[in-house]
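# Secondary and tertiary structure notes
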Amino acid sequence: MSRDAKSGGCPGSGDVSPKSAVCEANPVYAGLLPRAGRSLSEEAEAFLDLLSMEPAGPGVTEARRSEVLRDIQRHGFYEHTSEELLWGCRFAWRHSVRCVGRYFWKQLEVRDARHCAAIEDVAAGCIEHVRVATNGGAIRPLVTVFAPEREGVEPWRIWNYELVRYAGYRAEDGEVLGDPAEAEFTQKCISLGWNPPGSRSAFDALPILISGQGFPVRFFEVPKADVLEVAIEHPEFEWFADLRLRWYAVPIVSNMRLDIGGIRYTAAPFNGWYMGTEIGARNLADIGRYNMLPEIAERMGVLSRRENSLWRDRALVELNRAVLYSFQRDGVRMVDHHTVSDLHVLFEQQEAAVGRPVTGRWDWLIPPLSGATSPLWNRTYDPTEYSPNFFPQPMDW
Ligand code: ARG
C-alpha cells in the first residue's frame, strides 16, 4: 500500500480536525496517539483501556491488568490472549487511515499462528491464509498473526508486498514482461534460486520469501490450485478477452507491521476484498504498471493524439466495467468505488455516534476514478494513526 500512495496536494489533505478535541471527548485516545518513548507498560495499559471500552469486546478484568503489568515487569514482555489478539487486529483495521473499507472492521477474523516455530510452518501458515481467505470467492477478511518481535531474536519477516502477486521480468532493453512494480523483487527471487515457469507470462505468481528466528531467507511457492484468479472480459466488447488480462482474487498485504499494545507483530498478513478501481484504475492502467489504456483505446477505435478527446478516460471506464463484470461473473467478492464510499460515510457516522475519533487520509480514501463523485470529496480528515494499527516497515532485502 505504501508503494502506490497517491500524490498529495488535494483540498482535504492539509486541513485536519484538532486532536485535542478528540482527546477531551474521549480521553482513552490520548493514550493511543503515536508517541515515541512510551514504555511497554504504558502502551499495554492504553490498549487494555481501549479494549475495556469496547461494547462487543471481551472486557478486561483487574486480575488480567495486573497479570500483564507483572509479566512486563518480570520478563519485559506479555502475551495477548486470543480475544485480545482478535480485538487488537480489529482496532488496527478500524484505525487504518488509508482504508476506505473499514465499515466491515468487526467482521475481521484472526488465525493465531504465534506457535509456528519453523520457517516451513510460517510458509504453511501463509498458504493456508490464501486458502481460508479466498473461500471459493466468498472472500473473508482475515489476518494471520505469527510470533511477535522479541528482544534478541531476529523477527519473522515476509518480504513480499502481498502473498499473491505477479512477477515482472525485466529484459536487457528495460522492457518488463508482467508487473513492473515487482521487477526488483522478481530478480531477488531468481537470485535465491526460484525458477520462473518454463514459458514466462505476464501473470506468473511469485513465491513467498520468508526469514526470521535464525532461518535465512527462503522461498516457498503457493500451489497453483490455491490461487484463485479472474479472467477479465467485458460485458459488451467481445475482443476484450483477447487481451488475456487476469487478476488474482484476494489482495493479502504481507509486509506491514501490526502493533497492538506495544507488542510488534512483524509478520501478520491481512486481507479484505478488492475495490474494482485498485485493479481497473491502477494495477492494469498505471503507466508504470500494466499500462493497458493505449491498447484498449486502440481496440475501441478512440485512440488519439489529442488528449482533449479523453481517450484515456473512455478506456479507463471500460476497463473498470470489465473488472467489475468479470469478478461478479465468477462469484468473487468485490466492491465498486461508489458503494464503498457510501459505506465509509456510514462507518464515519457510526464512529462519531459512539464518540470515537474518525480518522482518514483524504488522498487515499478518494477513489482513483471519478473522485469528485465520491461523497467523501468535500470532507476533511484527521490523519492521526492511533494504536493498534498496521505500519509500514523497512523493505531492506
Ligand atoms: N492496492 C493493492 C492491490 O491492488 C491492495 C491493497 C489492499 N486492498 C484491499 N482492498 N484490501 O493489490
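A few points on the structure. (Residues numbered from 1 in each chain as written. Predicted model: local features only at pLDDT ≥ 70, side-chain atom pairs only at ≥ 80, totals over all residues. Heavy atoms only, no water.)

So, about the nonpolar core. In this structure, Phe146, Ile210, Leu245, Trp247, Leu258 and Leu319 are the most contacted members of the largest nonpolar core, which totals 106 residues. Among all residues touching Phe146, those that are not within four sequence positions of it are Ala113, Arg114, Cys116, Val122, Gly125, Cys126, Trp156, Ile158, Tyr265, Ala267 and Pro269. (Core = buried A, V, L, I, M, F, W, Y, C linked by side-chain atoms within 4.5 Å. Buried < 20%, exposed > 50% of the residue type's maximum accessible area, 1.4 Å probe, protein only. Contact = heavy atoms within 4.5 Å.)

Moving on, we come to the sheet that holds strand β3 (residues 157-158). Neighbouring strands of a sheet are bound in pairs by backbone hydrogen bonds; such pairs are parallel or else antiparallel. The 3 strands lie next to each other as β3-β6-β7, forming an open sheet whose pairing is antiparallel. At either margin of the open sheet sits one strand with a lone partner, and together these are β3 and β7 (215-220). Across the sheet, helix α5 (residues 119-134) lies against β3, β6 (208-212) and β7, angled at about 35° from β7, the strand it touches most. (Pairing = 2+ DSSP bridges. Helix = DSSP H or I, 4+ residues; strand = E, 2+ residues; numbered from the N terminus. Axes fitted to C-alpha atoms, helices over the stretch in contact; angles between N-to-C directions.)

All right, on to the site of the ligand then. Taken together, 12 residues surround the ligand, and among them Glu162, Trp273, Tyr274, Glu278 and Asn283 come closest. Between the ligand and Trp273, the relevant distance is 2.8 Å, taken from a nitrogen atom to a main-chain nitrogen or oxygen of the residue. Within the side chain of Tyr274, an N or O atom sits 2.6 Å from an oxygen atom of the ligand. With the chains in place, 85% of the 350 Å² that the ligand exposes on its own is no longer accessible. (Near = heavy atom within 4 Å. Polar contact = N/O pair within 3.5 Å; in protein donor to acceptor, adjacent residues only side chain to side chain. Areas by Shrake-Rupley, 256 points an atom, 1.4 Å probe, with all protein chains shown as cover.)

If you walk through the whole model with that rule in mind, you get 19 aromatic pairs. An angle of 85° between the planes, with centres 5.0 Å apart, marks the rings of Tyr166 and Trp247 as edge-to-face. In this pair, Tyr166 sits in the loop between β3 and β4 (168-170) while Trp247 sits in strand β9 (residues 246-248), placing the two residues 81 residues apart along the sequence. What makes Tyr166 buried here is its relative accessible area of 1%. In this arrangement the basic side chain of Arg333 is found over the ring face of Phe104, its NZ or CZ atom lying 5.7 Å from the centre. Note that Arg333 overlies the ring of Trp273, its terminal NZ or CZ placed 3.8 Å from the centroid. (Phe/Tyr/Trp six-rings, centres within 6.5 Å; stacked < 30°, edge-to-face > 60°. Lys NZ or Arg CZ within 6 Å of the ring centre and 35° of its normal.)

Put simply, Ser387 and Pro388 share a cis peptide bond, and its omega is -5°. As for its placement among the helices and strands, Pro388 is situated in the loop between α11 (362-365) and β16 (389-392). The backbone of Arg244 sits at a positive phi, close to 55°, despite the residue not being glycine. Mapped onto the elements, Arg244 comes out in the loop between β8 (229-231) and β9. Take Arg244: its relative accessible area is 68%, and that puts it in the exposed class. The residue Leu310 is not glycine, and still its phi comes out positive at about 60°. Relative to the assigned elements, Leu310 resides in the loop between α8 (293-300) and α9 (311-329).

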